Amino acid sequence: MTAYSRLLEGALIPLYYRARGRAYPLRRSFLESSQWWSSRQISDFQWQEASLLLDLAFEKVPYYQEKYKAAGIRREDIRSIGDFRQLPPLSREELNENRERLRPVGHTGKVFAHATGGSSGVPARFYVGMGSYDWRSAATARAYAWAGAATGEKTLYLWGAPIGTPSAFKRTKTDLYRLMRRELVFSTFLQTAELWQRIYESAHGFRPTAVVGYVSSLEQFCHFLIDHNLRLNEINGVIAAAEPVFAPTRELVARALGAPLFNTYGSREFMSIGAECDRHEGLHVHAENLIVETEADTNQSPSELLITDLHNDGMLFIRYRIGDVGWFSDAPCSCGRGLPLLKNVEGRTLELLRAPDGRIVPGELIPHLMKDIKEVREFQAEQKRLDLIVISVVLSGSLSEHSQTLLRSELAKAFGAGVHVEILPVESIPRRQSGKRQVTIGLQA
Ligand SMILES: [Zn+2]
């Protein structure tokens, strides 16, 4: 950590927050030490916080009162994390339909309204209480620090979403904030060679030691650097956000930026949910702030993730079906942190490809295959029917006979011989409204 970062994290930021009566510095230093607790200590803490949350839900939150009553569950029935698993999950539809009734009656703290995009089919609208921000921001700062991007380290951001046109006052405030934190931020929503050139020139002068970006933006920037034989020499870590990471991206980032890639998992509802440490053995869950469960009680295969926010008293998320699929690792991480380790998150349920027999085909497959097809710059696989997959490709040259045969035969191996594969050359792959790329589009209901 640089001296500037230490000054910012150790003195200036705590001063700023304390002056505003905020708990961020407390949370940040708590999370810094609790990550080294044993897994037992962490789950004890989790249960202590969950008990308070359940008291609140049963006493003050109308929707949970009704929902649990209808399920025949009383507060005194939930005495352990095992009992907790018996509570019925909360769906996104329920969240939207009962937004006000998921808030504690008489809650007087400040709350902020948020929404997620409709990338999983159903947008969500929700509230976040002020105290929850201090927890979730502290968790995010901890995750970034694992990757060498502690607050105040010079960081280049390749953000996917378009940056709107804020007022001049707001812009100045944001500029100052970024200057203080030493962040160089670009929107990479519209990706052109000119944009990458401009980003490279700014970064060359700025000399970042970390890069944070949407996976697709990182990939395109890395291709640009390699194609033009350009280097940024001081990068220690690269944080990938918002989109699934596959092995070829790690290799590309290491080659172009000379630094390891750190995968992260987060969402609008909870901010940082998990992140990799420097061992890259899985995603450490911020278990002091969130309970992350898999719906199936097994680590053998992926299943739906259910998330409980222990500290958002502005609106209670208890066993919320976030729409992602993942599974936990059986072994602890070799770094010694007691935080649970998600082996992987497969992404949105609607993005999963399936074989005609109903099997989930691993998301890794398509990028893994595409990295060997030289002519392909970008791609998207869409399952139109159980027996039809359309692969849109942006090509740098026409697709050779050899590449076409390879694609078809490998896909037939993964999906079964009865699946028809159509290869569709396109000018560009459309981004979602959020700016996120979708590598795969699953069968739509
Ligand atoms: Zn670790």
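Reading guide: rules and limits
- Residues numbered from 1 in each chain as written.
- Predicted model: local features only at pLDDT ≥ 70, side-chain atom pairs only at ≥ 80, totals over all residues.
- Heavy atoms only, no water.
- Donors = N, O, S within 2.8 Å, 3.2 Å for Na, K, Ca; no water.
- Tetrahedral: all angles 85-135°; square planar, octahedral: opposite > 155°, others 65-115°.
- Helix = DSSP H or I, 4+ residues; strand = E, 2+ residues; numbered from the N terminus.
- Buried < 20%, exposed > 50% of the residue type's maximum accessible area, 1.4 Å probe, protein only.
- Pairing = 2+ DSSP bridges.
- Right-handed = clockwise from strand over helix to strand, strands pointing away.
- Domains from an automatic or database assignment.

Draft legend 1. Seen up close, the coordination of the zinc ion. Within the first shell, the zinc ion binds the protein through Cys277 (SG), His284 (NE2), Cys333 (SG) and Cys335 (SG), at distances of 2.1 to 2.3 Å. Relative to the metal, the four donor atoms surrounding the zinc ion lie at angles of 103 to 117 degrees, and the coordination shape comes out tetrahedral. Spacing between the donor residues of the zinc ion along their common chain follows C-x6-H-x48-C-x1-C. One end of the pair, histidine 284, is in strand E9 (residues 283–285); the other, cysteine 333, is in the loop between strand E12 (320–328) and strand E13 (341–348), and 49 residues separate them in sequence. Of the two residues, histidine 284 and cysteine 333, neither departs from the other in class, the shared state being buried.

Draft legend 2. Representation of the pairing of strand E17 (residues 388–395) in the model. Across the eight residues that make up E17, a large majority, seven, are buried. Relative to E17, strand E16 (residues 376–385) runs antiparallel, the two sharing eight bridges. The residue of E17 that forms the bridge with glutamine 383 is isoleucine 389. Linkage of E16 to E17, two consecutive antiparallel strands, is achieved through a turn of two residues. Sheet topology note: the E17/strand E18 (residues 420–425) ladder contains six bridges and is parallel. The partner of valine 390 across the bridge, within E18, is glutamate 422. At this point the chain moves from E17, through helix H13 (residues 401–415), to the parallel E18, and the crossover so formed is right-handed.

Draft legend 3. Expanded view of the domain arrangement of the chain. Its domain assignment divides the chain into domain 1 (1–349) and domain 2 (353–441). A straight line from the C-alpha centre of domain 1 to that of domain 2 covers 29 Å.

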